[in-house]
Amino acid sequence: MNQTTQMHQISRQLPEYEHSFSPYYCDGPTEILRRLGLTEFTITGNKLAGRCRSYLQNHGLLIDYQGKTGPYDLVLTGSDLFLPKNIRHTRIVLVQEGMTDPESIMFHLVKRLRFLPLWLAVGTSTTGLSDAYRAFCVASEGYRDFFIRKGVRPEKIVVTGIPNFDDCQRYCINDFPYRHYALACTSALREIFRREDRKAFIRRAVEIADGRRLIFKLHPNENVQRATREIHRHAPGAMVFPTGSAEEMIANCDVLITRVSSTALVGLALGKETYSDFDMDELRRLTPLQNRSAALNIANVCRRLLEAAPL
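Checked against the element boundaries, Tyr171 lands in the loop between strand S4 (157-159) and strand S5 (182-185). Taking the C-alpha atoms as reference points, Tyr171 and Gln225, 54 residues apart in sequence, are found 28 Å from one another. When residues no more than four places from it in sequence are discounted, the contact partners of Tyr171 are Asn164, Glu247, Glu248, Ala251 and Val266.

Below, the structure written as structure tokens:
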């Protein structure tokens, strides 16, 4: 949903162009895996693609699933880990979604052996390494340096800010009924086959809360029943929210506890006491620009590409 809402905001800044939207899709052998239900832990799975489709329908946006009515003059995407064949020769603008996953052994293997698909690294650590886009719009100067270190070509990176993170103060105006609590935002590590000691995370959250009300906001791709059961076992009395705006909950909290969640960037932008698995000094350097104009900046990148000579 983070990627879906960002794309919607960018489209609003391009009123002179026609827009179509599609949930993420794949082709070839990966599409066979999707049909067999083996990609449910990814954004191509029926669960997350269904949420995207519902959002698009509720906002009256034109849906062209799999881009079948193309070709298009420009494609915007929040991920380049898998690029379907029907967009690979189109102008592509990649927009940073949020925080990327930690680099694993598979990240280094995929980066070294470039014939391997980027999605094989599991997670978002290889974001930007496809080099299949004309421009990569990122959240801050810190992230520009971060992606260059990963191997992204500097001339393709444009520091624009990213829409859902460029005005975190707006989340302070909300109707979430609680204030002055400790908030723990979980990560869906187990759903992408990464190791997680959830018991230790919950107990750490209890320790940091130090007697304050403790609220858990679950990752949208998480197994809700399992996560809720674990929280009630190790943090009796804690409140659990499977849905709702994590950003608004962060705005009302005193302290934020995360693991590998982009919500840490919101906490830092709002000056909250924030805990994360990532190095906190680096996260402060990466904190997204609060320019309130990311969608417009990205739209202007698109305009420059659209106004250039035809492919």
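Additional details are given in the paragraphs that follow.
Okay, the layout of surface pockets next. By rolling a water-sized probe across the atoms, one finds the places where empty space is left. One number sums up the size of the second largest pocket: a volume of about 160 Å³. Lining the second largest pocket are 13 residues, and of these Asp101, Pro102, Phe146, Phe278 and Glu282 lie nearest its centre. The element contributing the most residues to the lining of the second largest pocket is helix H10 (residues 280-286), with three residues. Here the lining of the second largest pocket is built from residues that sort into seven nonpolar, one polar and five charged.

Now for the pattern of salt bridges. Throughout the structure, instances matching the rule amount to 17 salt bridges. As a salt-bridge pair, Arg303 and Glu16 come within 2.6 Å of each other at their nearest N and O atoms. Here Glu16 lies in the loop between helix H1 (2-12) and helix H2 (29-35) and Arg303 lies in helix H11 (residues 294-306), a separation of 287 residues in the sequence. For Glu16, a relative accessible area of 46% translates into the label partly exposed. Of the charged contacts in the structure, one is a salt bridge between Arg34 and Glu31, with a shortest N-O distance of 2.9 Å. With Arg34 and Glu31 both in helix H2 and three residues apart, this pair spans about one turn of that helix. You can call Glu31 buried: its relative accessible area is 8%. Among the ionic contacts, a cluster of salt bridges with common partners joins Arg190, Glu196, Arg198, Glu222, Glu230, Arg259 and Asp277.

Let us look at the sheet that holds strand S7 (residues 239-241). Pairing in this open sheet of five strands is parallel, and the strands run S7-S6-S5-S8-S9 from one edge to the other. If you trace the sheet from one side to the other, it starts and ends with S7 and strand S9 (273-275), each paired once. Averaged over all neighbouring strand pairs, the angle between strand axes comes to 20 degrees, with direction disregarded. Strands in contact with helix H6 (residues 198-209) are S5, strand S6 (214-217), strand S8 (255-257) and S9; relative to S6, the strand with the most contacts, it is inclined by about 140 degrees.

Time to look at the packing of aromatic side chains. Under the defined criterion, the tally for this structure stands at nine aromatic pairs. Plain terms: the ring middles of Tyr133 and Phe136 are 5.7 Å apart, the flat faces sit at 55 degrees to each other, and that makes the pair tilted. Both residues of the pair, Tyr133 and Phe136, belong to the buried class. On the numbers, 5.6 Å between centres and 65 degrees between planes, the contact of Phe176 with Tyr178 is edge-to-face. Seen from the ring of Tyr65, Arg53 lies directly overhead, with NZ or CZ sitting 5.2 Å from the centre. In this arrangement the basic side chain of Lys156 is found over the ring face of Tyr133, its NZ or CZ atom lying 5.3 Å from the centre.

Going from Gly70 to Pro71, the amide bond is cis rather than trans, its omega being 10 degrees. Structurally, the position occupied by Pro71 is in the loop between helix H3 (46-58) and strand S1 (75-77). With phi around 50 degrees, Asp210 is a residue other than glycine that occupies positive phi space. Examined against the element boundaries, Asp210 turns out to sit in the loop between H6 and S6. One non-glycine residue, Arg292, lies in positive phi territory at about 55 degrees. Considering the arrangement of structural elements, one finds Arg292 in the loop between H10 and H11.

The subject of this paragraph is the sheet that holds strand S3 (residues 135-138). Pairing is parallel across the open sheet formed by four strands, whose spatial order is S1-S2-S3-S4. Pairing within the sheet leaves two strands with one partner each, and these edge strands are S1 and S4. Each adjacent strand pair in this sheet contributes to an overall mean axis angle of 25 degrees, direction not counted.

What counts as what
Going along each chain's sequence as written, the residues are numbered from 1 onward. Totals for whole chains, interfaces and linings use every residue, but because this is a predicted model, local features are given only for residues with pLDDT of at least 70 and side-chain atom pairs only at 80 or more, for both listing and counting. Excluding hydrogens and water, the side-chain figures rest on all heavy atoms present in the structure. The helix and strand labels rest on DSSP assignments: H or I over at least four residues marks a helix, E over at least two residues marks a strand, and numbering proceeds from the N terminus. Contacts between residues were defined by any pair of non-hydrogen atoms, one from each residue, lying within 4.5 Å. A cavity here means a set of 1 Å grid points, computed over protein atoms only, where a 1.4 Å probe fits but cannot escape. A pocket is an open set with protein on both sides within 12 Å along at least 5 of 7 lines, and lining residues have an atom within 4 Å of a point. Grid points are joined across faces, edges and corners, and a volume is the space filled by probe spheres set on the points. Side-chain classes are defined by residue name, with Ala, Val, Leu, Ile, Met, Phe, Trp, Tyr, Cys and Pro counting as nonpolar, Asp, Glu, Lys and Arg as charged, and the others, Gly among them, as polar. Salt bridges are identified by distance alone: a Lys or Arg side-chain nitrogen within 4 Å of an Asp or Glu carboxyl oxygen. Only protein chains enter the accessibility calculation, which uses a 1.4 Å probe; a residue is then buried when its area is under 20% of its type maximum, exposed when over 50%, and partly exposed in between. For two strands to pair, DSSP has to find at least two bridges joining them. Under this scheme, a helix contributes an axis fitted over its contacting stretch, all axes are lines through C-alpha atoms, and angles between N-to-C directions fall in the 0 to 180 degree range. When two rings of Phe, Tyr or Trp (its six-membered ring) have centres within 6.5 Å they constitute a pair, described as stacked for plane angles under 30 degrees, edge-to-face for angles over 60, and tilted for the intermediate range. The rule for a charge over a ring is simple: NZ of Lys or CZ of Arg within 6 Å of the ring centre, and within 35 degrees of the ring normal.

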